[in-house]
Amino acid sequence: MKERALKIAATAILITVICLPAPSAEALRLYDVARSNTLSARAAVEALRSNRIVLVGEFHNNADHHRAQLKVIEALHAAGHKVAVGLEMFRSDSQAALDQWVSGQIDEGRFESIYLDNWNYDWTLYRPIFTAAKSLNIPLVGLNVSRKITSQVAYHGFESLSEAQRGDLEGITCDVTPAYRDFIQRAYGAHGHGNMQFERFCEAQLVWDTAMAKRAVDYVRKHTDTILVILAGSGHARKLGIPTQIEKLGSESYAVVLPETPGIFDTFLMTETEADYLLLEE
């Protein structure tokens, strides 16, 4: 009788497990650029987990891209990996506020105001990522420098910064590959105005890339059991951007994931020089 009861209990547990809904991580699908094939959710996590840093690009005002970024974070977390999220959207001097948000010490209204002090895109675009990080107790890491600094560099050059403003940044120049210089030139054409010179605009771009790379590498060296998922604009996340600066700092392994964007980042145009994977929509 006892044995029969145990069998019934075991069967009930098995049925319960089978009937549980699949985790949202199952929606994650990656296109492997090098091998020209689509990875299942399990294979996608396996491909990413071996890297210390995973950069996931975005168009800042695209809600689909942010949902896709969250899939990467949740998939790695659901697979049992320690994950932290590095943010282009927050300055490093706002780190205390990020820690307080994750630990529940400040409410959403207060945190939203801090977010808007750091970033100028609609809070609702990023809210699901921040609320998930809080719910799952995933650390958030501010990677960026003040916009005042990048603006000063863009108009007056890196050499105009004081020692205090430079912090741990040294000798930033527009020393980039021809391909990245061409990319920055296109961005300059879209954003440059007034008396902003291209070389200085380029230096400002390198300040962002270098600062974020330095803080990312510092973090993973201090947290050796953690995968840092960096959320950044696709221009910074591409291999010519932050990853190039990561390579200059050491041997930390990384993967670049860009959101599938027809005509820009798609399976017909993407090459390994830009990304390792495309993040496919459902």
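An account of the accompanying structure is given in this report. (Residues numbered from 1 in each chain as written. Predicted model: local features only at pLDDT ≥ 70, side-chain atom pairs only at ≥ 80, totals over all residues. Heavy atoms only, no water.)

## Comments concerning the overall build of the protein chain
Inclusion rule: In this description a helix means any DSSP run of H or I spanning at least four residues, a strand means any run of E spanning at least two, and both kinds are numbered starting from the N terminus. Each residue's exposure class comes from its accessible area (1.4 Å probe, protein chains only) as a fraction of the maximum for that residue type: buried when under 20%, exposed when over 50%, partly exposed otherwise. By the convention used here, residues are in contact when the closest approach between their heavy atoms is within 4.5 Å. Per-residue and other accessible areas follow the Shrake-Rupley method at a 1.4 Å probe size, with only the shown protein chains counted as cover for residues.
Each helix and strand counted, the protein chain has 12 helices and 8 strands in total. Among the 282 residues that make up the protein chain, the fraction classed as buried is 49%. For the protein chain, long-range pairs separated by at least 24 residues make up 71% of all intrachain contacts whose partners lie at least 6 apart in sequence. On the protein chain, roughly 14100 Å² of surface is accessible, and the fraction owed to carbon and sulfur atoms is 52%.

## Notes on the pairing of strand S7 (residues 254-259)
Under the convention used in this document: Any two strands with at least two DSSP bridges between them are considered paired.
Summarising burial for S7: 6 of the 6 residues are buried, a large majority. Going residue by residue along S7, you find Tyr 254, Val 256 and Leu 258 tucked away on one face and Ala 255, Val 257 and Pro 259 tucked away on the opposite face as well. Both S7 and strand S8 (residues 277-279) contribute to a ladder of 3 bridges, which runs parallel. For Pro 259, the partnering residue across the bridge sits in S8 and is Leu 279.

## Some points on the state of the cysteines
Applicable threshold: Note on disulfides: each one is a pair of cysteine sulfur atoms within 2.5 Å.
Scanning all chains against the criterion turns up 1 disulfide. Through a disulfide, Cys 174 is tied to Cys 202; the S-S separation comes to 1.9 Å. Disulfide Cys 174 to Cys 202: torsion about the S-S bond roughly 80 degrees, handedness right-handed. One end of the pair, Cys 174, is in the loop between helix H8 (163-166) and helix H9 (178-191); the other, Cys 202, is in helix H10 (residues 198-222), and 28 residues separate them in sequence. Accessibility expressed as a relative area gives 13% for Cys 174, which makes it buried.

## With respect to the packing of aromatic side chains
Which entries qualify depends on this criterion: Each pair of aromatic rings taken from Phe, Tyr and Trp, with Trp reduced to its six-membered ring, is defined by centres within 6.5 Å and is described as stacked if the planes are under 30 degrees apart, edge-to-face if over 60, and tilted in the remaining cases.
Taken as a whole and judged by the stated rule, the model has 14 aromatic pairs. Seen from their ring centres, Tyr 180 and Phe 183 are 5.8 Å apart, and the 5 degrees between their planes marks the pair as stacked. Of this pair, Tyr 180 and Phe 183 both sit in helix H9, 3 residues apart, roughly one helical turn. An aromatic cluster of three or more residues is present, and its members are Phe 90, Trp 101, Phe 111, Tyr 115, Trp 123, Tyr 126 and Phe 130.

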